[in-house]
Amino acid sequence: MTGLEKIKNQILEAAKKEAEGILADANSQSEEITGSAKLEAEKIISDIRKKSASDIENYKNRVSSSNDFYRRTEVLKSKQTVIAEVIERAYQKICNLEPQAYFGMLVRMIGKYALSGNGEIFFSEKDLKTMPADFEEKVIEAAKAKGGTLTVSKEAKEIENGFVLRYGGVEENCTLRAIFDARREEFTDTVNALLYGKEA
């Protein structure tokens, strides 16, 4: 068995075994994000398994040199592409949650990020238009549980999703993209370990 075939077999086997566990431990601060991403893991891994097999076959056909450095560089690039794709797909699935699940997730996020002070919370124009009738009350309750208050601003922020908290003159970006970007290294390490194990 060639080195490339070994890599191919390891990737496919790891993806198969870890379909249920993908990103399970990736989000200690926002369990809702991880939980929702986990629901989509089986489909994501199925797509990645096909893509990985195709990428490796294409690589085998392109590369005739036995240059070990070049081979390792190309394999690493391929892995980084796959890992980035898993994280982006998980992000997109979270962004496209049904309204009830999405706003329920926001309430839980507010419970994590709210401070014990008087603040204001901002949403996107889309979320202001579609938020449930009792959502503002839930925001107030979540803030109160942290020993503070939050007023829902009628001013829309130019954000895609999530929210922005303002306490005094300090704003905290709690959009889903900001959370994913802040924890990208952790997500990358987790996905890498689940898909490829200890292999370099």
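Residues numbered from 1 in each chain as written. Predicted model: local features only at pLDDT ≥ 70, side-chain atom pairs only at ≥ 80, totals over all residues. Heavy atoms only, no water.

### Digging into the overall build of the protein
(1) Moving on: Secondary structure assignment for the protein yields nine helices and four strands.
(2) Moving on: The linear arrangement of helices and strands in the protein, starting from the amino end, is α-α-α-α-α-β-α-α-β-β-β-α-α.
(3) Moving on: Residues counted as buried form 40% of the 200 residues belonging to the protein.
(4) Moving on: A separation threshold of at least 6 residues defines the contact pool for the protein, and within that pool the share at least 24 residues apart is 75%. (Helix = DSSP H or I, 4+ residues; strand = E, 2+ residues; numbered from the N terminus. Buried < 20%, exposed > 50% of the residue type's maximum accessible area, 1.4 Å probe, protein only. Contact = heavy atoms within 4.5 Å.)

### Here's the deal with the sheet that holds strand β3 (residues 163-167)
(1) Moving on: Spatial ordering of the open sheet is given by β2-β1-β3-β4, a layout of four strands whose pairing is mixed. Looking at which strands have only one partner, the edges of the open sheet turn out to be β2 (149-152) and β4 (170-174). Taken pair by pair, the neighbouring strands of this sheet meet at an average axis angle of 25°, ignoring direction.
(2) Moving on: By the bridge criterion, three bridges tie strand β1 (residues 118-122) to β3 in an arrangement that is antiparallel. By the bridge assignment, Phe122 is partnered in β3 with Val164.
(3) Moving on: Each of β1, β2, β3 and β4 is contacted by helix α5 (residues 99-113), which is oriented at about 30° to β3, the strand it contacts most.
(4) Moving on: Contacts between helix α7 (residues 135-145) and the sheet are confined to β1 and β2, with β2 contributing the most and set at about 160° to the helix. (Pairing = 2+ DSSP bridges. Axes fitted to C-alpha atoms, helices over the stretch in contact; angles between N-to-C directions.)

### Structural notes on the pairing of β1
A regular strand carries its side chains on alternate faces of the sheet.
(1) Moving on: Pairing of β1 with β2, which is carried by four bridges, proceeds in the parallel orientation. Pairing of Gly119 across the sheet is with Leu150, part of β2.

### Comments concerning the environment of Lys51
(1) Moving on: Residue placement: Lys51 occurs in helix α3 (residues 41-62).
(2) Moving on: For the pair Lys51 and Val82, spaced 31 residues apart in the sequence, the C-alpha separation amounts to 8.3 Å.
(3) Moving on: Contacts of Lys51, omitting those with residues within four sequence positions, involve Thr81 and Glu85.

### A short note on the packing of aromatic side chains
(1) Moving on: For the structure shown, the criterion picks out six aromatic pairs.
(2) Moving on: Relative to Phe180, the ring of Tyr91 lies with its centre 5.4 Å away and its plane at 75°, an arrangement referred to as edge-to-face. Remark: Phe180 occurs in helix α8 (residues 176-182) and Tyr91 occurs in helix α4 (residues 68-95); sequence separation between them is 89 residues. Here Tyr91 matches Phe180 in class, with each residue buried.
(3) Moving on: Judged by centre distance (5.1 Å) and plane angle (70°), the rings of Phe103 and Phe135 are edge-to-face. Of this pair, Phe103 sits in helix α5 while Phe135 sits in helix α7, and the two are 32 residues apart along the sequence. (Phe/Tyr/Trp six-rings, centres within 6.5 Å; stacked < 30°, edge-to-face > 60°.)

### Remarks on the side chain of Asn161
(1) Moving on: Position of Asn161 among the secondary structure elements: in the loop between β2 and β3.
(2) Moving on: Separated by 3.4 Å, the side chains of Asn161 and Tyr91 make a polar contact.
(3) Moving on: Reaching out from Asn161, the side chain makes a polar contact with the backbone nitrogen of Leu176 at a distance of 3.1 Å.
(4) Moving on: Excluding anything up to four places from it in sequence, Asn161 contacts Tyr91, Cys95, Tyr102, Asp127, Thr175, Leu176 and Arg177. (Polar contact = N/O pair within 3.5 Å; in protein donor to acceptor, adjacent residues only side chain to side chain.)

### Some words on the pattern of salt bridges
(1) Moving on: Inspection of every chain in the model, using the stated rule, returns eleven salt bridges.
(2) Moving on: Between Arg177 and Glu88 there is a salt bridge, with its nearest N and O atoms 3.1 Å apart. Residue Arg177 is located in helix α8, and its partner Glu88 is located in helix α4; the two are separated by 89 residues in the primary sequence.
(3) Moving on: On the accessibility criterion, Arg177 (27% relative accessible area) is partly exposed.
(4) Moving on: Overall, Glu88 belongs to the partly exposed group, its relative accessible area being 27%. (Salt bridge = Lys/Arg side-chain N within 4 Å of Asp/Glu carboxyl O.)

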